[in-house]
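Below, each chain spelled out in residue letters.
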Amino acid sequence: MAALADGGARRGAPGRGAERAALGALAGTLPLARSFVRGAGGGLGAVLCQSEADRDRWLALGAPVARTAAIGNLKNDGLPAPVADDRGAARAALGLDPRRPLLTLGNVRPGEGATLAAAWRSLPETIHERWQVAAVPRHPHAAPGVRREIEAAGVKLGHDATAPPGAWRLGRSRGVLASYYCAGEVAVVGGSFGPYGGHNPLEPAACGAAVVAGPHLESQRPAAEALTAAGGLEIVTDDRARWPRRCARCSRTMRSGSVAPRRRSRPPTPREVRLVER
């Protein structure tokens, strides 16, 4: 969620703050946190939360009741639209082989490249021959470090249309991840194999890809739970031998159309608009 503040003197010009970061920084100092929130209460335009649990935490810190509301995750309003069952054209547009299925490693964070490469190398050679892989770092500036990790683990890398046969594609440009999600049958969500809290698993699911993630999904718990219950997400730890089976099961579920990531079904209510405009 985001706390919208008017910056004190500039009433009506709200700014955004990260709720979980703020609460985490103040963990163990509840009296100080309450004092801070109550002292800033006059400058809060509104506190808009993802869930009722988030709202309860803010109210416990002294946020104004009349200006604190749970409105859901706004990121779900911007999920990409599903793609057609035939992903060959999407792969061809990326310079990939349109006939071979694609495994997309999305939002790869520092330290995860080696983990994912080791998991890939543990799979049978028949999997290597059939599948192509694209790894997209979370931040372009981290791409050189991710490249070094993957290559040190024994996996060859290329980028754009220059990847040699059998090598992973390294997507280094900003804004390309959605295209790779739309072109892939299976997506591995990064930020979940290290202490990063995970990234949104609904993004690849909305593109129709089966989703695999590591155990660190603390910041994505509601989305992960909903997607797991629908059969569209598999969470793995070190059981690498079962990855192909899990990916295949997820792929069948996603192709059946039984998983439909939920967007917010309504625009903001007049009350929510008034909370921000006050």
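First things first, this report covers the structure right here in the doc. (Residues numbered from 1 in each chain as written. Predicted model: local features only at pLDDT ≥ 70, side-chain atom pairs only at ≥ 80, totals over all residues. Heavy atoms only, no water.)

What follows concerns the packing of aromatic side chains. Within this structure, the stated rule accounts for 1 aromatic pair. Taking the centre distance of 6.3 Å and the plane angle of 70° together, the rings of Trp 120 and Trp 168 count as edge-to-face. A residue pair is termed long-range when its members are at least 10 positions apart, and Trp 120 in helix H5 (residues 112-121) and Trp 168 in strand E8 (residues 168-170) qualify at 48 residues. Grouping residues by exposure puts Trp 120 and Trp 168 together as buried. (Phe/Tyr/Trp six-rings, centres within 6.5 Å; stacked < 30°, edge-to-face > 60°. Helix = DSSP H or I, 4+ residues; strand = E, 2+ residues; numbered from the N terminus. Buried < 20%, exposed > 50% of the residue type's maximum accessible area, 1.4 Å probe, protein only.)

With that settled, the discussion passes to H5. Here H5 has its buried residues at Glu 112, Gly 113, Leu 116, Ala 117, Ala 119 and Trp 120. Down the axis, H5 shows its buried residues gathered within 160° of arc, on one side only. (Arc of directions from axis to C-beta.)

Bringing unusual backbone geometry into the picture now. Peptide bonds are, in most cases, trans, and in most cases residues other than glycine have a negative phi. In this model, Asn 107 sits at a positive phi of 60°, which is unusual for a non-glycine residue. Examined against the element boundaries, Asn 107 turns out to sit in strand E5 (residues 102-108). Relative accessible area serves as the criterion here: at 6%, Asn 107 is assigned to the buried category.

Take the pattern of salt bridges next. Here the idea is simple: oppositely charged side chains can pair when their charged atoms come close. Inspection of every chain in the model, using the stated rule, returns 4 salt bridges. A salt bridge links Asp 54 to Arg 57; the nearest nitrogen and oxygen atoms lie 2.3 Å apart. Note that Asp 54 and Arg 57 are positioned in helix H3 (residues 52-60) at a spacing of 3 residues, about one turn of the helix. For Arg 91, the salt bridge is made with Glu 185, and the minimal N-O distance between the two is 2.9 Å. You can see Arg 91 sitting in helix H4 (residues 88-93) and its partner Glu 185 sitting in the loop between helix H8 (177-183) and strand E9 (186-189), a full 94 residues away along the chain. Under the relative-accessibility criterion, Glu 185 is labelled buried at 18%. (Salt bridge = Lys/Arg side-chain N within 4 Å of Asp/Glu carboxyl O.)

The next point concerns the sheet that holds E8. Spatial ordering of the open sheet is given by E7-E8-E6-E5-E9-E10-E11, a layout of 7 strands whose pairing is parallel. The sheet is open, and its two edges are formed by strand E7 (157-158) and strand E11 (233-235), each paired on a single side. Against the sheet, H5 engages E5, strand E6 (132-137), E8 and E9, with an angle of about 160° to E5. (Pairing = 2+ DSSP bridges. Contact = heavy atoms within 4.5 Å. Axes fitted to C-alpha atoms, helices over the stretch in contact; angles between N-to-C directions.)

A few words on the pairing of E9. A regular strand carries its side chains on alternate faces of the sheet. Neither face of E9 is exposed, since Val 186 and Val 188 on one face and Ala 187 and Val 189 on the opposite face are all buried. When E5 meets E9, the two strands line up parallel, connected through 4 bridges. Its bridge partner lying in E9, Thr 104 is registered against Ala 187. Pairing of E9 with strand E10 (residues 210-213), which is carried by 4 bridges, proceeds in the parallel orientation. Across the sheet, the residue bridging to Val 186 is Ala 210, located in E10.

Our next topic: helix H10 (residues 221-229). For H10, the set of buried residues is Ala 223, Ala 224 and Leu 227. Take H10 and look down its axis: the buried residues cluster within an arc of 95°, on one side only. In H10, the exposed positions that point more than 90 degrees away from the buried face belong to Pro 222, Glu 225 and Ala 229. Taken together, the buried residues of H10 touch helix H9 (202-206), E10 and E11. Just downstream of H10, Gly 231 is the residue with a positive phi angle, here 90°.

Such coordinate-based values are descriptive only and should not be taken to indicate function.
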